[in-house]
Amino acid sequence: MDWKMVRMMIFSELYSTYYQTVAAILKAATDHPVEQKEMRHIIENHAFGESVLHIMPAIQQQRWQLILPDGRTPLRKEPTTPLTLLEKRWLKAIANDPRIRLFGDNIFDFPDVEPLFLPEDILVFDHYTDGDDYADETYIQHFRLILDAIKERYPLKITLQNRRGNPLEMRVIPHCLEYSEKDDKFRLIASSDRYGSTINLGRIISCEKCQDFVTENLTKKTDHRRKVVFELVDRRKTLERVLLHFAHYEKEAEKLDEKHYRITVVYDKEDETEMVIRILSFGPMIKVTAPQHFVDLIKQRLIRQKSCGL
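All values derive from a computational prediction rather than experimental measurement.

What follows is about the sheet that holds strand β1 (residues 156-161). Spatial strand order, β4-β3-β2-β1-β5: five strands in an open sheet with antiparallel pairing. A single partner strand is all that each edge strand has here, and the edge strands are β4 (198-200) and β5 (204-209). Adjacent strand axes in the sheet meet at a mean angle of 45°, parallel and antiparallel pairs treated alike. Inspection of the sheet shows β1 paired to strand β2 (residues 167-180) by six bridges, in the antiparallel sense. Following the sheet pairing, L156 is matched in β2 by V172. Where helix α6 (residues 137-152) meets the sheet, it contacts β1, β2, β3 (185-192) and β5, and its direction lies at approximately 40° from that of β5.

As structure tokens, this is what we get:
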């Protein structure tokens, strides 16, 4: 099951863009009569470019009997979007994810609601099992400090354990955090005064604000981005599923004909194995065309699977 699609169905289908747009119009109308110019402005800010062609006539022709001809609304109070039981159950399930505590202690809770699913209900395969320890208090402190440093743009002094088990100190300017689904680990991407610019959070021994930081001789953040190009056949909503599956990646989509599309996805070099696994999950609906290096990775993995009897 694609949990991203489930999440979108739960939260987007009920309170869709049109719902949110009309709610904004009604909110304005509870305060004062809304003229057509203001209504058009609200639609353009909240919906899509072509939405004016659908929403405006529906309101003006009283097919949606929400706004009176004089711009007022029969509603006495502003419209609200209360959480449904299904939404509460989803959020309760997400709260059970140990990674949620990385972002704060004030976790939402609904005592009278059962979670939609439990962590043990999800079987994750084809990934490493030595992921980061998200329950470790030191790890949590490091994560929150790094996240704050990224937002507030201040340097950090980090001591980490290298591959030989020895401590290594470095000063960095944090840029962003990355999560590898394959490794189940977080990485810090930064500019540093020495060594590399990618740091695994699980290797960090200590982390603190840096008071005596010198920006000279910084090792700038290296661009490890790679591209993969593949073609797909749009059967059983393959295009929709692919775009949703790779929603958090930079990508381009090109229509070749009525059923065929060319997709270009940009990914980090360290996530290459994960990208291979993701693409193979779509089976014969996807064919990788470039680069040749990635095509060879696909072939090698298929050969290994065949040799294992998979």
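Taken in spatial order, the four strands of this open sheet run β7-β8-β6-β9, and their pairing is antiparallel. In the strand order of this sheet, the two ends are held by β7 (250-255) and β9 (286-290), each with one partner. For this sheet, the mean inter-axis angle between neighbouring strands, taken without regard to orientation, is 25°. One ladder, built from six bridges, connects β7 with strand β8 (residues 260-268); its direction is antiparallel. Counterpart to K251 in the pairing with β8 is V265. Sheet strands in contact with helix α7 (residues 238-245) are β6 (225-233), β7, β8 and β9, and its direction is about 165° off that of β6.

Tallying each qualifying case throughout the model produces 13 salt bridges. Where E178 meets R187, a salt bridge forms, and the shortest distance between an N and an O atom there is 3.2 Å. Here E178 falls in the partly exposed class, since its relative accessible area comes to 21%. The exposure class assigned to R187 is buried, which follows from its relative accessible area of 2%.

Packing of helix α2 (residues 17-29) against helix α4 (residues 52-60) leaves a shortest axis separation of 12 Å and a crossing angle of 50°. Relative to α4, α2 is oriented oblique. Here α2 and α4 pass one another in a crossing that is right-handed. Between α2 and α4, the residues in contact are Y18, T21, V22 and I25 and H54, I55 and I59, respectively. When the residues that make up the contact of α2 with α4 are grouped by side-chain class, the tally is five nonpolar, two polar and no charged.

Two numbers describe a pair of aromatic rings. These are the distance of the centres and the angle of the planes. Under the definition given, this model contains ten aromatic pairs. An angle of 80° between the planes, with centres 5.2 Å apart, marks the rings of F103 and F143 as edge-to-face. Taken together, the positions of F103 in the loop between α5 (85-94) and α6 and F143 in helix α6 put the pair 40 residues apart, joining distant regions of the chain. Put simply, the rings of F103, Y134, Y139, F143, Y179 and F186 touch in pairs and so form one group of aromatic residues. Here the basic side chain of K209 rests over the ring of Y154, its NZ or CZ set 4.7 Å away from the ring centre.

Procedures and definitions
- Residues numbered from 1 in each chain as written.
- Predicted model: local features only at pLDDT ≥ 70, side-chain atom pairs only at ≥ 80, totals over all residues.
- Heavy atoms only, no water.
- Pairing = 2+ DSSP bridges.
- Helix = DSSP H or I, 4+ residues; strand = E, 2+ residues; numbered from the N terminus.
- Axes fitted to C-alpha atoms, helices over the stretch in contact; angles between N-to-C directions.
- Contact = heavy atoms within 4.5 Å.
- Salt bridge = Lys/Arg side-chain N within 4 Å of Asp/Glu carboxyl O.
- Buried < 20%, exposed > 50% of the residue type's maximum accessible area, 1.4 Å probe, protein only.
- Parallel < 35°, antiparallel > 145°, perpendicular 65-115°, else oblique.
- Left-handed = near helix turned anticlockwise from the far one by under 90°.
- Nonpolar A, V, L, I, M, F, W, Y, C, P; charged D, E, K, R; others polar.
- Phe/Tyr/Trp six-rings, centres within 6.5 Å; stacked < 30°, edge-to-face > 60°.
- Lys NZ or Arg CZ within 6 Å of the ring centre and 35° of its normal.

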